[in-house]
Amino acid sequence: MTERDGPVFTITLNRPERRNALSLALMRELIGELELAGEDAECRAVILAAAGPVFCSGHDLSELRGATVSEYRTIFDVCTTLMETIQAIPQPVIAQVQGMATAAGCQLVATCDLVVASYKATFATPGVRIGLFCTTPMVALSRAVGRKRAMEMLLTGCPVDARTAAEWGLVNRVVPADGLEAETRALADRIAAASSYTVATGKQAFYAQIDLDQHGAYAYAKEVMTTNALAEDAQEGIGAFLDKRPACWKGR
């Protein structure tokens, strides 16, 4: 379910009766909604929210019981596409986490560009407890919190509270439950106030350089920054700053 409010689009996981489990159908629907947001020039930021007390409980286990090799591969292929789509669209995606996020739900949180969580939120990768190690969630989690902390979560399955998740780098900020929506929207609005071209350029560059060695990262980044500096919005922004006036973005 997607709602549009000015430049901010909110996509809501709406299977509360199933703890917002990521069924194959839901993952495909999310991919479609994200792609539509990504193609919309009016969209400047995307909030990923969830209905009910649970943010996302991970894969729908009813689809993981007794499936064929082909069916398992399809599920994990689509899940991978979902995660890659979040980071591929030009707009930043902000997870608004009101409750528990486990397994692929934790992966979803770790994949989002930014995360605002309620103090009631918890995060876990408990697959080891049911004999199915959270291998694909591990990819996003280990990149967000580092090796040792990721291994602890993966090997024990124990939940991490919101404050700890913030200390570990999984979450940007933690707020009271009654302020979660407003805090997330304020962050989205701050992003939306910037040049959409510049934000999209920066998001793409961030993920392109993050796994390069330092020399390669600088080699890549300086070329991106040169191209960015030549853009109309960069010249407008520099001029506005020097002239002490508001910038007028063109998105190019």
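Refer to the structure above for everything that follows.
This write-up is about the structure you can find in this document. (Residues numbered from 1 in each chain as written. Predicted model: local features only at pLDDT ≥ 70, side-chain atom pairs only at ≥ 80, totals over all residues. Heavy atoms only, no water.)

## Comments concerning the packing of aromatic side chains
Right, on to step 1. All chains considered together, the criterion is met by one aromatic pair.
Right, on to step 2. On the numbers, 5.2 Å between centres and 90° between planes, the contact of F206 with Y207 is edge-to-face.
Right, on to step 3. Classification of F206 as partly exposed rests on a relative accessible area of 43%.
Right, on to step 4. Look at Y207 and you get partly exposed, because its relative accessible area is 25%. (Phe/Tyr/Trp six-rings, centres within 6.5 Å; stacked < 30°, edge-to-face > 60°. Buried < 20%, exposed > 50% of the residue type's maximum accessible area, 1.4 Å probe, protein only.)

## Here's the deal with the environment of A103
Right, on to step 1. Within the fold, A103 resides in the loop between β6 (100-102) and α3 (104-111).
Right, on to step 2. By relative accessible area, A103 is classed as buried at 15%.
Right, on to step 3. Note: C-alpha distance between A103 and L141 (38 residues apart in sequence) is 9.9 Å.
Right, on to step 4. Apart from residues no more than four positions distant in its own chain, A103 is found in contact with S57, G58, A124, T125, P126, C134 and P137. (Helix = DSSP H or I, 4+ residues; strand = E, 2+ residues; numbered from the N terminus. Contact = heavy atoms within 4.5 Å.)

## Structural notes on a nonpolar patch on the surface
Right, on to step 1. A cluster of nonpolar side chains, L61, I130 and L132, forms an exposed patch at the surface whose accessible area comes to about 300 Å².
Right, on to step 2. Note on L132: relative accessible area 42%, which makes it partly exposed. (Patch = residues over 30% accessible without salt bridge, like charges linked within 9 Å, V, L, I, M, F, W, Y side chains within 5 Å. Areas by Shrake-Rupley, 256 points an atom, 1.4 Å probe, with all protein chains shown as cover. Salt bridge = Lys/Arg side-chain N within 4 Å of Asp/Glu carboxyl O.)

## As for the pairing of strand β5 (residues 93-97)
Right, on to step 1. With five of five residues buried, β5 is to be regarded as a mostly interior element.
Right, on to step 2. Alternating positions in β5 separate into two faces, V93, A95 and V97 on one and I94 and Q96 on the other, with burial throughout.
Right, on to step 3. Direction of pairing for strand β3 (residues 45-50) relative to β5: parallel, over a ladder of three bridges. What sits directly across from V46, in β5, is V93.
Right, on to step 4. Alignment of β5 against strand β7 (residues 114-118), held across four bridges, turns out to be parallel. Looking at the pairing, Q96 lines up with V116 of β7. (Pairing = 2+ DSSP bridges.)

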